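Geometric and topological summary
As a plain string of letters, each chain reads:
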Amino acid sequence: LRDECGVCGWSLLQLPGDAVLVPAGAPHQVRSLSGTISVEQRFLSPESAVRLHSLGTGAPRSLRAQV
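From a predicted model like this one, the values you see are computed outputs, not experimental measurements.

Analysis parameters
Residues numbered from 1 in each chain as written. Predicted model: local features only at pLDDT ≥ 70, side-chain atom pairs only at ≥ 80, totals over all residues. Heavy atoms only, no water. Helix = DSSP H or I, 4+ residues; strand = E, 2+ residues; numbered from the N terminus. Buried < 20%, exposed > 50% of the residue type's maximum accessible area, 1.4 Å probe, protein only. Areas by Shrake-Rupley, 256 points an atom, 1.4 Å probe, with all protein chains shown as cover. Patch = residues over 30% accessible without salt bridge, like charges linked within 9 Å, V, L, I, M, F, W, Y side chains within 5 Å. Salt bridge = Lys/Arg side-chain N within 4 Å of Asp/Glu carboxyl O. pLDDT = per-residue confidence, 0-100.

Now for the overall build of the protein chain. Within the protein chain, the regular secondary structure consists of 3 helices and 0 strands. When the helices and strands of the protein chain are read in sequence order from the N terminus, they spell out α-α-α. Taken across its 67 residues, the protein chain has 6% of its residues classed as buried. By element, 56% of the accessible surface of the protein chain is carried by carbon and sulfur atoms, the whole surface being about 7,100 Å².

The grouping of Leu12, Val20 and Val22 at the surface amounts to a nonpolar patch, some 260 Å² of accessible area in total. Inspection of the secondary structure puts Leu12 in the loop between helix 1 (2-5) and helix 2 (46-55). Among the residues examined, Leu12 registers a relative accessible area of 59% and is labelled exposed.

In the predicted model, the protein chain carries a mean pLDDT of 75, and the fraction of residues at 70 or more is 78%. For the protein chain, per-element mean pLDDT is lowest for helix 3 (residues 61-66), which scores 55, and highest for helix 1, which scores 84.

Take a look at the structure:
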């Protein structure tokens, strides 16, 4: 990707107790070196909710409740 698109990656070592924030929309890949527990939080912004609704995808009831 670096040669084709000018995109470079970052590598980091996350230790116990560390938290990593990946900005919304940022592609990322995770490689676990040992057994892990992952906790994630997904956020639906009002702008994204409007776009999703306009796509007419028939959003699930729980998603409509969040909107």
